[in-house]
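# Inside the fold
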Amino acid sequence: MKVKTICCIGAGYVGGPTMSVIAQKCPDIKVIVVDINQDRIDAWNHEDLSQIPVYEPGLDRVVAEARGRNLFFSTDVNSSIQEADMVFISVNTPTKTYGEGKGMAADLKWVELCARQIAEASKSDKIVVEKSTLPVRTAQAVKDILHNTGNGLKFQILSNPEFLAEGTAIPDLDNPDRVLIGGDDTPEGKEAIQALVDVYANWVPREKILTTNVWSSELSKLTANAFLAQRVSSINAISELCEATGANVEEVAKAIGTDSRIGPKFLKASVGFGGSCFQKDILNMVYISRSYQLNEVADYWEQVIKMNDHQKVRFAKKIIKNLYNTVSGKKIAFLGWAFKKDTNDTRESAAIYVADFLLSERANICVYDPKVPKEKVYADLDYLNTRFPEENRQLVQVATDPYEACKDAHAVAILTEWDEFKILDWGQIYELMLKPANVFDGRNILDGAEMNQLGFRFQAIGKSY
Ligand SMILES: NC(=O)c1ccc[n+]([C@@H]2O[C@H](COP(=O)([O-])OP(=O)(O)OC[C@H]3O[C@@H](n4cnc5c(N)ncnc54)[C@H](O)[C@@H]3O)[C@@H](O)[C@H]2O)c1
Ligand SMILES: O=c1ccn([C@@H]2O[C@H](COP(=O)(O)OP(=O)(O)O[C@H]3O[C@H](CO)[C@@H](O)[C@H](O)[C@H]3O)[C@@H](O)[C@H]2O)c(=O)[nH]1
């Protein structure tokens, strides 16, 4: 079977870039990305490509090439489902904030709604592809809903998790390490798998397209994120040991990373990992493990999160300790709010939690991030519910210029590794700040010796100056 029309439900950080690249690489396939959020769809359709809702280097060019040719963004979910022979589910699956599994399990209500909507809207057989990250065995529930509410139509369910990282989504999609497709081991299942393999084979070498059973595919996604996050927590644990012993975490990372069995990637010590995926997916895995009474497995992975929480608190406490044990009424400049560079996404960003900790100590914070708007900073803090929204607005300012953010500050904290922070005029910043002028580099992007020479009191992660 050759796929002619794809519908993707969910025009977010995954649905948008993924479908844009599929449309770019497969001009014969019509790709419709749908969402219930009208503002988001309007932004995807915006004439000015700097206004599309996801900031990703290179994405604007891909959208410019395919949009209006074979790539469409729409809120008309039902008719897009009807038109498609393959429907991707790419909706959000955040950690549950209520009821059973609160704070641990993935909230699957949006996935279930999608399954029900596909069943109701469909007038012909379809291949349904799980693109969202889902707990292992979710395909069973999706299948159950489709087959019990779907007017006798036939649906094949595939799992095709996405491995792109934000900030590098376009190169990751252009040249993936692998594409993973899980499906049923039946003639119909194999035919569906082949149909999706054929889509990717337009640009991905065949040997990089792995096919597995559905459960392996679902679990591989959670496992990949758990392994990646575990490396970050491991190096962050070592960073604390480095600070206590005089070792340098970058030298240690390099020394161990040259061992080909360990490898050099994901060994960058930081203020802590953020992003919408790592914490959510590990908590989900911990929850699943406990639900099978695998308590040792659950405890093992939960430690990755505990270490990450510790790293964020440790950073905030280091700031307080160096400001004579009080930050009350003191201005602290935050350079960066996004969870990593080259994205406008702030979900679970370490900056939010470090700020929250300092605000509880009555600090005044001034944030500068090149891609995050003011309202998003406030929304992120309000979401924590630690204090009234008015207090967040009193204690936190958002600057549109890094020098303005640093003016009259007792300390500058670097929370995101934006390249532009490396080339700021740090001499000028020193002049603008109150003395002693402290810089806490939570991303190890600055040269400590140079900063000391400029007069700063400089602290980084896992190394001493
Ligand atoms: N962000 C990433 O880098 C990344 C990478 C790999 C996998 N994932 C996974 O992909 C999934 C989506 O993540 P995201 O970051 O794109 O989320 P997102 O919140 O950016 O986007 C999800 C979109 O789905 C829409 N939506 C929800 N329910 C809908 C419905 N019933 N009908 C139509 N639209 C609906 C929302 O309005 C939203 O725009 C998650 O499961 C996530 O774990 C994310
Ligand atoms: O050595 C490192 C590497 C990463 N990080 C931090 O870890 C977080 C996550 O970074 P990264 O993995 O690059 O970005 P994500 O977009 O969260 O991508 C992860 O999560 C996605 C969603 O599931 C997966 O698709 C990707 O494969 C997986 O890398 C960020 O806060 C980084 O700053 C570090 O602190 N040190």
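Worth saying up front: this structure is predicted, and the values here are computed from it rather than measured. (Residues numbered from 1 in each chain as written. Chains lettered and ligands numbered in written order. Predicted model: local features only at pLDDT ≥ 70, side-chain atom pairs only at ≥ 80, totals over all residues. Heavy atoms only, no water.)

### Quick word on the nonpolar core
With 65 residues, the main nonpolar core has Phe334, Trp337, Leu358 and Trp426 as its most contacted residues. Top contributing element to this core by residue count: helix H13 (residues 350-360), with seven residues. For Trp426, the contacting residues outside a window of four places in its chain are Leu335, Val412, Ile414, Phe421, Val439, Leu446, Met451, Leu454 and Phe456. (Core = buried A, V, L, I, M, F, W, Y, C linked by side-chain atoms within 4.5 Å. Buried < 20%, exposed > 50% of the residue type's maximum accessible area, 1.4 Å probe, protein only. Helix = DSSP H or I, 4+ residues; strand = E, 2+ residues; numbered from the N terminus. Contact = heavy atoms within 4.5 Å.)

### Describing the pattern of salt bridges
Overall, the coordinates contain 26 salt bridges when judged by the stated rule. A salt bridge links Lys143 to Asp184, with the nearest nitrogen and oxygen atoms 2.9 Å apart. Taken together, the residues span a long stretch of sequence, with Lys143 in helix H6 (residues 138-149) and Asp184 in the loop between strand S7 (179-182) and helix H8 (187-200) at a distance of 41 residues. Looking at Lys143, the relative accessible area reads 22%, which means it is partly exposed. For Asp184, a relative accessible area of 21% corresponds to the partly exposed category. Between Glu243 and Arg314 there is a salt bridge, with the nearest N and O atoms lying 2.9 Å from each other. Of this pair, Glu243 sits in helix H9 (residues 214-245) while Arg314 sits in helix H12 (residues 295-322), placing them 71 residues apart in sequence. Overall, the relative accessible area of 23% leaves Glu243 in the partly exposed class. (Salt bridge = Lys/Arg side-chain N within 4 Å of Asp/Glu carboxyl O.)

### Side note on the site of ligand 1
Around ligand 1 sit 25 residues in total, of which Asp35, Arg40, Thr93, Glu166 and Lys280 are the nearest. In the environment of ligand 1, an oxygen atom lies 2.7 Å from a nitrogen or oxygen atom belonging to the side chain of Arg40. Contact distances for ligand 1 include 2.7 Å between a nitrogen atom and a side-chain N or O atom of Glu166. Burial of ligand 1 by the protein chains amounts to 93% of its free accessible area of 830 Å². Partitioning the shell around ligand 1 into residue classes produces nine nonpolar, nine polar and seven charged. (Near = heavy atom within 4 Å. Polar contact = N/O pair within 3.5 Å; in protein donor to acceptor, adjacent residues only side chain to side chain. Areas by Shrake-Rupley, 256 points an atom, 1.4 Å probe, with all protein chains shown as cover. Nonpolar A, V, L, I, M, F, W, Y, C, P; charged D, E, K, R; others polar.)

### Examining the site of ligand 2
Contacts to ligand 2 come from 20 residues, most closely from Phe163, Leu164, Ser270, Cys277 and Arg443. Phe163 places a polar main-chain atom, nitrogen or oxygen, 2.7 Å from an oxygen atom of ligand 2. About the coverage of ligand 2: the protein hides 91% of its 700 Å² of free accessible area. A total of four residues in the shell around ligand 2 trace back to one element, the largest contributor, which is H9. Across the shell around ligand 2, the residue classes break down as eleven nonpolar, three polar and six charged.

### With respect to the packing of helix H11 (residues 278-291) against H12
Following both chains from N to C, one finds H11 and H12 inclined at 150 degrees, their axes separated by 8 Å at the closest point. The pairing of H11 with H12 is recorded here as roughly antiparallel in orientation. The handedness of the crossing between H11 and H12 comes out as left-handed. Between H11 and H12, the residues in contact are Gln279, Ile282, Leu283, Met285, Val286, Ser289 and Arg290 and Asn295, Val297, Ala298, Asp299, Trp301, Glu302, Val304, Ile305, Asp309 and Lys312, respectively. Considered class by class, the residues forming the contact of H11 with H12 number nine nonpolar, three polar and five charged. (Axes fitted to C-alpha atoms, helices over the stretch in contact; angles between N-to-C directions. Parallel < 35°, antiparallel > 145°, perpendicular 65-115°, else oblique. Left-handed = near helix turned anticlockwise from the far one by under 90°.)

### A word on H11
Since the α-helix advances by 3.6 residues per turn, residues separated by three or four positions end up pointing in the same direction. Taking 1.5 Å of rise per residue, the 14 residues of H11 would be expected to cover 20 Å, and the 20 Å separating its terminal C-alpha atoms lies within 8% of that figure. Of all the 14 residues making up H11, eleven are buried; the element is thus mostly covered by neighbouring parts of the structure. Within H11 the residues assigned to the buried category are Phe278, Gln279, Lys280, Asp281, Ile282, Leu283, Asn284, Met285, Val286, Ile288 and Ser289. In this fold, the buried residues of H11 make contact with H9 and H12. Phi for Gln293, located one or two positions after H11, is positive at around 60 degrees. (Expected span 1.5 Å × (residues − 1).)

### Description of the UniProt feature "domain: UDP-glucose/GDP-mannose dehydrogenase C-terminal" (unreviewed entry) in the protein
With numbering aligned to this structure, UniProt lists the feature "domain: UDP-glucose/GDP-mannose dehydrogenase C-terminal" (unreviewed entry) at residues 333-448. Its end C-alpha atoms 18 Å apart, residues 333-448 is made of 36% helix and 16% strand. (UniProt positions renumbered as here; feature names shortened; annotations may be inferred.)

### Re the sheet that holds strand S13 (residues 438-441)
The strands making up a sheet associate through backbone hydrogen bonding, with each pair oriented either parallel or antiparallel. Taken in spatial order, the six strands make up an open sheet running S11-S10-S9-S12-S13-S14, and their pairing is parallel. Only two strands of the sheet have a single neighbouring strand rather than two, namely strand S11 (396-398) and strand S14 (457-459). Ignoring which end each strand starts from, the neighbouring axes of this sheet average 20 degrees apart. In terms of strand pairing, S13 meets S14 through three bridges, oriented parallel. Within S14, the residue paired with Phe440 across the bridge is Gln459. Across the face of the sheet, H12 comes into contact with strand S9 (331-335), strand S12 (411-414), S13 and S14 while running at roughly 165 degrees to S13. Against the sheet, helix H14 (residues 374-384) makes contact with strand S10 (364-368) and S11, and its axis sits at roughly 155 degrees relative to S11, the strand it touches most. (Pairing = 2+ DSSP bridges.)

### Re the pairing of S12
Burial of the side chains of S12 extends over both faces: Ala411 and Ala413 are buried on one face and Val412 and Ile414 on the other. Looking at chain direction, S9 and S12 are connected through four bridges and run parallel. When the bridges of S12 are listed, Ala333 appears paired with Val412. Two elements, S12 and S13, share four bridges in a ladder whose sense is parallel. What sits directly across from Val412, in S13, is Val439. Once you follow S12 into helix H17 (residues 426-432) and on to S13, the crossover reads as right-handed. (Right-handed = clockwise from strand over helix to strand, strands pointing away.)

### Side note on the pairing of strand S4 (residues 86-89)
Neither face of S4 is exposed, since Met86 and Phe88 on one face and Val87 and Ile89 on the opposite face are all buried. In this sheet, S4 lies alongside strand S1 (residues 5-9) in parallel orientation, the contact comprising four bridges. Along S4, the bridge assignment pairs Ile9 with Ile89. By the bridge criterion, four bridges tie S4 to strand S5 (residues 126-130) in an arrangement that is parallel.

### Brief notes about the confidence of the model for the protein
The share of residues in the protein with pLDDT of 70 or more is 100%, and the mean pLDDT across the chain is 97. ipTM for the predicted complex: 0.98, alongside a pTM of 0.96. (pLDDT = per-residue confidence, 0-100.)

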